[in-house]
Amino acid sequence: MKPNVTFRLLVWSAVLSLGAVVSAQEPDFKFTKVVDINGTPDANFTEIQDAIDAITVGSGEYWTVLIYPGVYTINGSTAALIELGVNEERISLRGVDRQSVIIDVTTAGSGIKITSGDETLRECRISNLTIKTSNGHGIEIVKGDTPVPKDIRIEGVTIEAEGSSKNGIDGSAAEQVRVFDARVSATGSTGIGVEAGSSWTIDSTSAEATGSGGVAFAIPGETSTVTLTGCRGTGKSIGLSATGVAGLDVRNCVFQGESKAVFLQSGPSGVLIRDCQLLASAPDGAGSANMAFLLDNIPAAENVILRNCKLAAVNKDNSAYGVWHELGALRVEDCEITVRKLGDTMGEAVGILASSKDAETVVIGGSVVTTAAAEKETEVWDLLQDPDQGDGLAVSGTRFSKWKGPIFSSERPRPVTQRTVTVAAADDDGILVETALNPGEQSLTEGFSQPDEYRCLSIKSTAAGDTTGVVHLIGTNWANDAVTEAITLNGAAEVKGRKPFKTVTKIILPGYHTPGEKVRIGTTDRLGLYSPIAAAANVLQQGRKASAASSYTLETVGSVDATYAWVEIASPAVTSNDSFEWAILASQ
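Residues numbered from 1 in each chain as written. Predicted model: local features only at pLDDT ≥ 70, side-chain atom pairs only at ≥ 80, totals over all residues. Heavy atoms only, no water.

**A word on the nonpolar core**
Core analysis: the largest hydrophobic core is formed by 114 residues, its most contacted members being Trp200, Phe217, Leu228, Leu248, Phe293, Leu306 and Leu311. Residue contributions to this core peak at five residues, all from strand E10 (residues 150-161). Among the nonpolar cores identified, the runner-up in size contains 19 residues, and Leu457, Val471, Val495 and Val504 belong to it. (Core = buried A, V, L, I, M, F, W, Y, C linked by side-chain atoms within 4.5 Å. Buried < 20%, exposed > 50% of the residue type's maximum accessible area, 1.4 Å probe, protein only. Helix = DSSP H or I, 4+ residues; strand = E, 2+ residues; numbered from the N terminus.)

Structural data, given as structure tokens:
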């Protein structure tokens with residue numbers, strides 16, 4: 001059916017309005033070829049490629065191929081694949097309506113292909129249409145001759161690209177590309193792929209890659225000056241991946257991946273990700289270990305900043321991490337990080353992990369919250385730094401309560417005084433009196449006492465020999481957040497725990513090794529600190545007010561554990577109702 005005169009007037013009105021909007025941003029494409037699959041009198045052609053082939057661009061000329069509504073089926077025989085070839089620069093392919101102008105490629109091949117020739121700039125535009133492919137890239141930009149194709153604008157385009165190795169936009173050979181208001185979906189590995197060493201601007205665009213290992217936005221090595229604003233990337237594996245990137249500016253975006261939300265590697269520098277949401281989670285919370293943000297860079301990164309972002313990682317069957325930092329320099333400013341380990345299987349839940357001695361991580365403001373559903377899970381940390389691996393994790397003004405490893409201050413350490421008063425003497429059955437073990441595991445939620453102060457606990461068996469069962473202590477720390485410790489029995493010897501407890505809510509006893517075996521749980525002289533420290537030397541001074549004394553007397557500081565933040569009183573041991581005071585340079 002041919003469109004009536006009123007419809008044609010509306011179409012031309014829309015085109016003129018669109019031209020007025022973009023005239024300040026791009027050259028005037030005043031020479032026009034009209035394509036209408038219905039063959040109306042206004043149309044010059046019924047096929048898009050025929051219109052392109054009919055254009056000979058003269059000096060200073062910019063041409064528009066205006067495409068009327070319809071489904072333009074490209075089958076490779078009666079309708080040719082659409083290509084802006086080596087001599088077809090300064091051409092704009094523009095549909096009159098994004099939803100009703102559909103390019104449907106039913107044969108193998110890309111929806112629209114742009115190839116560079118001898119020219120320096122392509123100056124091509126693609127806008128206001130939908131591209132569907134059955135086995136090809138949605139838009140493919142290739143290098144046909146020596147020059148790299150440059151100055152390409154893709155606006156208001158919807159792409160549905162199918163094919164196991166096909167991308168929504170394959171820009172692996174393009175520079176100076178702007179993608180605006182695009183909706184890209186690919187069943188292959190990449191939603192939008194950016195050329196290495198190029199300058200790309202991607203604005204108000206969504207990209208999805210549903211294929212195995214799919215990456216929504218992929219930026220390869222040695223890329224510079226890439227900007228993403230107001231975008232959404234959802235990948236089967238990764239939301240945003242960048243390798244060796246220099247000059248990456250990401251604002252107001254949402255990235256989601258079942259493995260990683262954002263993955264930077266191989267020496268990124270000049271990277272700023274701000275006001276974004278990063279979510280790593282499989283649909284059912286399952287899968288391999290996932291990270292909201294992974295910085296795994298060789299050589300060391302420089303100037304990588306996460307600012308005012310919300311990060312979340314959720315995993316059911318494996319570990320989950322908010323930030324995993326391998327190498328280089330990273331700043332995390334005013335971010336909210338939430339990590340949740342679901343299910344009953346064991347796996348870490350870590351907010352920020354500095355996993356290498358070369359990882360310099362600075363955390364300013366914000367908050368970190370980590371939880372695990374499995375009650376036996378012990379590796380739940382807001383901040384985690386292996387003391388054998390590094391000393392570069394520093395914080396200031398950040399809300400957290402669970403940490404492992406020496407934690408430094410990103411500003412100057414905060415001088416604090418902590419008093420732990422009226423402490424009871426250590427008692428090896430002060431929590432649970434001698435209790436017989438059953439053939440199998442048993443859980444206790446009552447019938448035991450509470451620690452008098454924030455301190456580490458101990459376990460002891462009545463049997464010698466191969467008694468190596470694991471006792472799980474479940475309770476809260478000084479901030480009333482859940483904490484779990486697993487302590488392995490060592491025959492009849494007392495085994496001291498390394499995590500301080502404020503309360504004990506549950507005790508899980510192992511099955512006996514030999515019938516008649518009993519276990520007791522007590523308190524130790526390891527008294528917990530309320531703030532992380534960078535080193536044992538940061539506990540500057542220790543005073544004791546003996547039970548009968550009226551004032552504190554200075555004494556030698558006890559043995560300090562900077563990894564778990566406690567002081568062990570050894571000489572003399574704690575006498576009931578002693579009080580202690582420490583002068584500390586705290587990191588938090």
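Let's pick the thread back up.
**Focus on the sheet that holds strand E52 (residues 578-586)**
In spatial order, the strands read E39-E52-E48-E49; together these four strands make up an open sheet with antiparallel pairing. Of all strands in the sheet, those with a lone pairing partner are strand E39 (414-423) and strand E49 (553-555), marking the two edges. Between one strand axis and the next, the sheet turns through 25° on average, direction left out of account. Alignment of E39 against E52, held across eight bridges, turns out to be antiparallel. Residue pairing in the sheet places Pro415 in a bridge with Leu585 of E52. (Pairing = 2+ DSSP bridges. Axes fitted to C-alpha atoms, helices over the stretch in contact; angles between N-to-C directions.)

**Re the environment of Tyr62**
Inspection of the secondary structure assignment puts Tyr62 in the loop between helix H2 (48-53) and strand E2 (63-67). Engagement of the side chain of Tyr62 in a polar contact is seen with the side chain of Glu123, the distance being 3.1 Å. (Polar contact = N/O pair within 3.5 Å; in protein donor to acceptor, adjacent residues only side chain to side chain.)

**Points about the confidence of the model for the protein**
Residues at a pLDDT of 70 or more form 90% of the protein, whose mean pLDDT is 89. Counting contacts from residues 1-25, a segment whose pLDDT is below 50, to residues more than four positions away or on other chains yields 23 contacts. (pLDDT = per-residue confidence, 0-100. Contact = heavy atoms within 4.5 Å.)

**Brief notes about the side chain of Thr484**
As for its placement among the helices and strands, Thr484 is situated in strand E44 (residues 482-488). Here Glu375 takes part through its backbone oxygen, which lies 3.2 Å from a polar atom of the side chain of Thr484. Those residues in contact with Thr484 that lie beyond four places of it in its chain are Glu375, Lys376, Glu377, Thr378, Leu473, Ile474, Lys499 and Phe501.

**Let's talk about the sheet that holds strand E41 (residues 442-444)**
Reading across from one edge, E41-E46-E43-E44 is the order of the four strands in this open sheet, with antiparallel pairing throughout. Every interior strand has two partners, whereas the edge strands, E41 and E44, have only one. Strand-to-strand twist in this sheet, taken as the mean axis angle between neighbours without regard to direction, amounts to 20°. Of the pairings in the sheet, the one linking strand E43 (residues 470-476) to strand E46 (residues 503-509) comprises five bridges and is antiparallel in character. Paired with Thr476 across the bridge in E46 is Thr503.

**Examining the pairing of E43**
Across the seven residues of E43, six count as buried, placing the element largely inside the fold. Taken together, the seven bridges between E43 and E44 define a ladder with antiparallel strand orientation. Following the sheet pairing, Ile474 is matched in E44 by Thr484. The hairpin formed by E43 and E44 contains five residues between the paired strands, and Asn480 there has a positive phi angle of roughly 65°.

**Remarks on unusual backbone geometry**
The linkage connecting Ser571 with the following residue, Pro572, adopts the cis geometry, with an omega of -5°. For Pro572, the position within the fold is in the loop between strand E51 (566-568) and E52. Positioned with a positive phi, Asn308 is a non-glycine residue whose angle comes to about 55°. As for its position among the elements, Asn308 is in the loop between strand E27 (302-307) and strand E28 (310-315). Despite not being glycine, Asp334 has its phi angle at roughly 50°, a positive value. Here Asp334 lies in the loop between strand E30 (328-333) and strand E31 (336-341).

**Focus on the packing of aromatic side chains**
The geometry of an aromatic ring pair is captured by the separation of the ring centres together with the interplanar angle, meaning the angle of the planes. The full count for this structure, using the stated rule, is eight aromatic pairs. For the ring pair Phe580 and Trp582, a centre distance of 6.1 Å and an interplane angle of 10° mean the geometry is stacked. Across this residue pair, the class does not change: Phe580 and Trp582 are buried. The ring of Tyr62 carries Arg90 above its face, with NZ or CZ at 5.7 Å from the centroid. Positioned above the aromatic ring of Phe263, the side-chain terminus of Lys260 is 5.3 Å from the ring centre. (Phe/Tyr/Trp six-rings, centres within 6.5 Å; stacked < 30°, edge-to-face > 60°. Lys NZ or Arg CZ within 6 Å of the ring centre and 35° of its normal.)

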